[in-house]
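Here's the letter readout for the chains.
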Amino acid sequence: MATVLEAPIAPEDDRFIDPLMWTSQRLDGGISRGNWDTTVSAHTAHEWHIERPMTVGTPAFSRFRTVCDSRVVAFGGDAGVRCSHDIRAARRTARQDFSIVYVADGDAQLDVGGRVIDLHAGMFTITDSARPMTLDIPSRFRQIYFIFPKDRVFSVFPFVDEFVGVSFGRDKGLLSFFLDHLSSVEHHLGTFEDVEALTVMNATLDLLAMTLSSLDADRMITPRERQMTRLKAYIEAKLRDADLDIATIAADNGINVRYLHKLFAGTGVTVSNWIRKRRLEMCRRDLDARALARRSVTEIALRWGFNDMSHFSKAFRREFDMGPREYRFRDTGPGARG
């Protein structure tokens, strides 16, 4: 990953995200294509090529903050630019992410896998790192990218794929509310400590799921997809029940076990694995929550349906590359929490 330069933040730039940034004002020779390629690719963790860089001497910046397994990138400048994430770059991308692209200022045209949309200030869309993209920005701009791993997005909203490359403005109540939230996050995320920032990012993802779910009727969700939504909502409500099993899920939802497996097969994950991933994700959230700092790891595991601590610790380590206690104390040291 390229070195991220720290730069002084002017008072008028306080609304941006983090002092970890790259700025063209540090370059004596202005902006080069190589500067842009390296910086934008490093900050987004996806490969981008700058086909039309800004003119020499034009102020520009890219700033990012990593929040657990997600990140936020602020990207802007005083002139237009054209960027591409072509099919070869999409195939080479190590991270598989969905991104919320929020246009805080300016206009842009985005081509996502052949779907072309126009974006204006106060709008957002969803992009997929596995699809080729071209972003054409004609003039002064400021954009914010909220980048989440695909499995996390799928776990809260399994039909996100159909919203990729769709533009959203202030058409309805929840959309307007969500846009206000994105704008607020842009202004304040840099002031939060890590745990607080993680809470905000989790809330952003949950709110995205609620907002997109409210558009299901407009997006022509099929009866089968609606059934999957109901099934996952049922399971989500029962995650704390250690006795939850596949037979119960099927019976309570009026289907047989074979059909339940068939429905989940279309998502690329089994019913059991989906339940396990969601329980582990909720345990991770609780381990990060300051309000639950006095709860033991065992209490949190039991709260989310794990009654075998050895199995829980092994599953948590496989999912997050560290054990639950190690995760809780990864930044603060074991003396900081009860």
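Residues numbered from 1 in each chain as written. Predicted model: local features only at pLDDT ≥ 70, side-chain atom pairs only at ≥ 80, totals over all residues. Heavy atoms only, no water.

Caption draft 1: Fine view of the overall build of the protein. Assigned secondary structure in the protein consists of 12 helices and 11 strands. Of the contacts made within the protein by residues no fewer than 6 positions apart, 70% connect residues no fewer than 24 positions apart. (Helix = DSSP H or I, 4+ residues; strand = E, 2+ residues; numbered from the N terminus. Contact = heavy atoms within 4.5 Å.)

Caption draft 2: Region of the structure containing empty space enclosed by the protein. As enumerated under the stated definition, the model contains 1 cavity of 30 Å³ or more in all. Looking at the largest cavity, its volume works out to about 210 Å³. Looking at the largest cavity, it is lined by 20 residues, and the ones nearest its centre are Thr 44, Trp 48, Thr 127, Met 133 and Tyr 145. Looking at the lining of the largest cavity, the elements that each hand over two or more residues are helix 1 (33-44), strand 4 (70-77), strand 6 (97-105), strand 9 (123-128), strand 10 (133-137) and strand 11 (141-149). Classifying every residue of the lining of the largest cavity by side-chain character gives 11 nonpolar, 7 polar and 2 charged. (1 Å grid on protein atoms, 1.4 Å probe; cavity = no way out; pocket = protein on both sides within 12 Å on 5 of 7 lines; lining within 4 Å. Points joined across faces, edges and corners; volume = space filled by probe spheres on them. Nonpolar A, V, L, I, M, F, W, Y, C, P; charged D, E, K, R; others polar.)

Caption draft 3: Focus on the layout of surface pockets. The volume enclosed by the largest pocket comes to roughly 760 Å³. If you go around the largest pocket, you meet 31 residues; those closest to its centre are Lys 150, Asp 151, Arg 152, Phe 154 and Ser 155. Put simply, the parts of the chain that give the lining of the largest pocket at least two residues each are helix 3 (150-156), helix 6 (223-237), helix 9 (271-288) and helix 11 (309-320). Classifying every residue of the lining of the largest pocket by side-chain character gives 12 nonpolar, 4 polar and 15 charged.

Caption draft 4: Summary view of the sheet that holds strand 8 (residues 115-120). Strand order in the open sheet formed by 5 strands is 2-5-10-7-8, and the pairing between neighbours is antiparallel. A strand with exactly one partner marks an edge of an open sheet, and here the two such strands are strand 2 (49-52) and strand 8. Adjacent strand axes in the sheet meet at a mean angle of 20° when their direction is disregarded. One ladder, built from 6 bridges, connects strand 7 (residues 107-112) with strand 8; its direction is antiparallel. Counterpart to Asp 111 in the pairing with strand 8 is Val 116. (Pairing = 2+ DSSP bridges. Axes fitted to C-alpha atoms, helices over the stretch in contact; angles between N-to-C directions.)

Caption draft 5: Structural view of the side chain of Asp 128. Locating Asp 128 in the fold gives a position in strand 9. Residue class for Asp 128 comes out buried when judged on its relative accessible area of 4%. Polar contacts involving the side chain of Asp 128 include one to the side chain of Lys 150, which spans 2.8 Å. Sequence-distant contacts of Asp 128, defined by excluding residues within four places in its chain, comprise Asp 97, Phe 98, Met 133, Lys 150, Asp 161 and Val 164. (Buried < 20%, exposed > 50% of the residue type's maximum accessible area, 1.4 Å probe, protein only. Polar contact = N/O pair within 3.5 Å; in protein donor to acceptor, adjacent residues only side chain to side chain.)

Caption draft 6: View of the nonpolar core. Counting residues in each nonpolar core, the largest one holds 92 residues, and the members touching the most others are Ile 100, Phe 124, Phe 146, Ile 235 and Ile 249. The element that contributes the greatest number of residues to this core is helix 5 (residues 194-213), accounting for 9 residues. (Core = buried A, V, L, I, M, F, W, Y, C linked by side-chain atoms within 4.5 Å.)

Caption draft 7: Fine view of unusual backbone geometry. Of note in this structure, Ala 45 is not a glycine but carries a positive phi near 65°. For Ala 45, the position within the fold is in the loop between helix 1 and strand 2. Residues other than glycine seldom take positive phi values, yet Asp 321 does so here, at roughly 65°. Looking at where Asp 321 falls in the secondary structure, it is placed in the loop between helix 11 and helix 12 (324-328). A relative accessible area of 67% means that Asp 321 is categorised as exposed.

Caption draft 8: Broad picture of the packing of helix 4 (residues 173-188) against helix 5. At a minimum axis separation of 10 Å, helix 4 and helix 5 run at an interaxial angle of 160°. Classed by the angle they form, the pair helix 4 and helix 5 counts as roughly antiparallel. For the pair helix 4 and helix 5, the crossing hand works out as left-handed. Packed against helix 4, whose contacting residues are Leu 174, Leu 175, Phe 177, Phe 178, His 181, Leu 182 and Val 185, the element helix 5 presents Val 200, Thr 204, Leu 207, Leu 208, Met 210 and Thr 211 at the interface. Class assignment for the residues of the contact of helix 4 with helix 5 results in 10 nonpolar, 3 polar and no charged. (Parallel < 35°, antiparallel > 145°, perpendicular 65-115°, else oblique. Left-handed = near helix turned anticlockwise from the far one by under 90°.)

Caption draft 9: Broad picture of the packing of aromatic side chains. Under the criterion given, the structure shown has 12 aromatic pairs. On the numbers, 5.6 Å between centres and 55° between planes, the contact of Phe 157 with Phe 163 is tilted. Accessibility assignment for this pair places Phe 157 and Phe 163 in one class, buried. Through a chain of ring-to-ring contacts, the aromatic side chains of Phe 124, Phe 157, Phe 163, Phe 168 and Phe 178 assemble into a single cluster. (Phe/Tyr/Trp six-rings, centres within 6.5 Å; stacked < 30°, edge-to-face > 60°.)

Caption draft 10: Representation of helix 11 in the model. The terminal C-alpha atoms of helix 11 lie 16 Å apart, and with 12 residues this matches the ideal 16 Å at 1.5 Å per residue to within 8%. Buried within helix 11 we find Phe 312, Ala 315, Phe 316 and Phe 320. Taken end-on, helix 11 shows its buried residues confined to a sector of 105°, consistent with a single buried face. Away from the buried face of helix 11 by more than 90 degrees, exposed residues Lys 314 and Arg 318 are located. Among the structural elements, helix 9, helix 10 (297-303) and helix 12 are those in contact with the buried residues of helix 11. The N-capping residue of helix 11, defined by a side-chain oxygen 3.1 Å from the backbone nitrogen of Ser 310, is Asp 308. (Expected span 1.5 Å × (residues − 1). Arc of directions from axis to C-beta.)

Caption draft 11: Fine view of helix 8 (residues 257-265). Among all positions in helix 8, only Leu 260, Leu 263 and Phe 264 are buried. Seen along its axis, helix 8 keeps its buried residues to an arc of 95°; they face one direction. Facing away from the buried surface of helix 8 by more than 90 degrees, the exposed residues are Arg 258, Lys 262 and Ala 265.

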